[in-house]
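Chain by chain, the residues run as shown.
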Amino acid sequence: GNSVTQMEGPVTLSEEAFLTINCTYTATGYPSLFWYVQYPGEGLQLLLKATKADDKGSNKGFEATYRKETTSFHLEKGSVQVSDSAVYFCAYDRAYGGSQGNLIFGKGTKLSVKP
Amino acid sequence: EAGVVQSPRYKIIEKKQPVAFWCNPISGHNTLYWYLQNLGQGPELLIRYENEEAVDDSQLPKDRFSAERLKGVDSTLKIQPAELGDSAVYLCASSLRTENIQYFGAGTRLSVL
């Protein structure tokens, strides 16, 4: 069935460390892929997205590349900050007939960055 | 511009009691979603509206859950009667039909005792 698998957390890093959060998906067709971030006490916010194979989404120093051949969308950042501490969700859009549809989310990965 | 507004932020009730959540989407957004987020899990869709029409309610437990979006703007989600297992965060999101980005509210955290 349709699903998103993320690496389990929590992930704890020191400030300025390199971050990778793995995400793979199972879906038919060519869904749009997303990373959402949830800061403590807040709602989910879109971090970045990619809509077709080999697209790279980027925002706030984070990047993810849509890899159709490996059905992956791994999130990376070269140097994390304490303010990046949050829960990160990978998701894809289960669109219907070309229109937007419902987001299928992974379980989330909690990131804690220590000074 | 105001984001998606949900109320209340927190609700504590006893089992078998009714409860209602309210959502005001971003102005002009014709698509509205209600999601359920259990602890340690990602959100799961309950219902999706296009204007006032529920176009996907396949995951909504209709024996106890109901939703409405009168006039195609704000929406309410109701549970009657609530069960212990309904304790979770209920998220509302909205989007433009022409843009596949969903904007989320802060959610309502429900505790059923």
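The coordinates are above.
Our subject in this report is the structure included herewith. (Residues numbered from 1 in each chain as written. Chains lettered and ligands numbered in written order. Predicted model: local features only at pLDDT ≥ 70, side-chain atom pairs only at ≥ 80, totals over all residues. Heavy atoms only, no water.)

All names here are of chain A. Among the secondary structure elements, Gln 6 is positioned in strand E1 (residues 3-6). Among the polar contacts listed, one links the side chain of Gln 6 to the side chain of Thr 109, at a separation of 3.0 Å. Discounting residues that sit within four places of it in the chain, Gln 6 has contacts with Ile 21, Asn 22, Cys 23, Trp 35, Tyr 88, Phe 89, Cys 90, Gly 106, Lys 107, Gly 108 and Thr 109. (Helix = DSSP H or I, 4+ residues; strand = E, 2+ residues; numbered from the N terminus. Polar contact = N/O pair within 3.5 Å; in protein donor to acceptor, adjacent residues only side chain to side chain. Contact = heavy atoms within 4.5 Å.)

This next bit is on the sheet that holds strand E3 (residues 19-21) of chain A. Pairing between the strands of a sheet comes from backbone hydrogen bonds, and it takes one of two forms, parallel or antiparallel. Residues and elements named next belong to chain A. Overall, antiparallel pairing links the four strands, which are arranged E3-E9-E8-E7 in an open sheet. Two strands bound the open sheet, and with one partner strand each, they are E3 and strand E7 (56-59). The mean inter-strand angle of the sheet, taken between neighbouring strand axes irrespective of direction, is 15 degrees. Summarising the sheet, E3 and strand E9 (residues 75-77) pair through three bridges and their orientation is antiparallel. Bridge pairing in E9 places Thr 20 opposite Glu 76. (Pairing = 2+ DSSP bridges. Axes fitted to C-alpha atoms, helices over the stretch in contact; angles between N-to-C directions.)

A separate point is unusual backbone geometry. In this structure, Pro10(A) follows Gly9(A) across a cis peptide bond, with omega equal to -5 degrees. Considering the arrangement of structural elements, one finds Pro10(A) in the loop between E1 and strand E2 (11-14). Cis geometry marks the peptide bond from Ser7(B) to Pro8(B), where omega comes out at -10 degrees. Take Pro8(B): it is sitting in the loop between strand E1 (5-7) and strand E2 (10-13). At Thr71(A), a residue that is not glycine, the phi angle is positive and equals roughly 40 degrees. As for its placement among the helices and strands, Thr71(A) is situated in the loop between strand E8 (62-65) and E9. With a relative accessible area of 28%, Thr71(A) lands in the partly exposed category. You will see that Asn51(B), though not glycine, has its phi angle at about 55 degrees, which is positive. Along the chain, the position of Asn51(B) falls in the loop between strand E5 (44-50) and strand E6 (53-56). (Buried < 20%, exposed > 50% of the residue type's maximum accessible area, 1.4 Å probe, protein only.)

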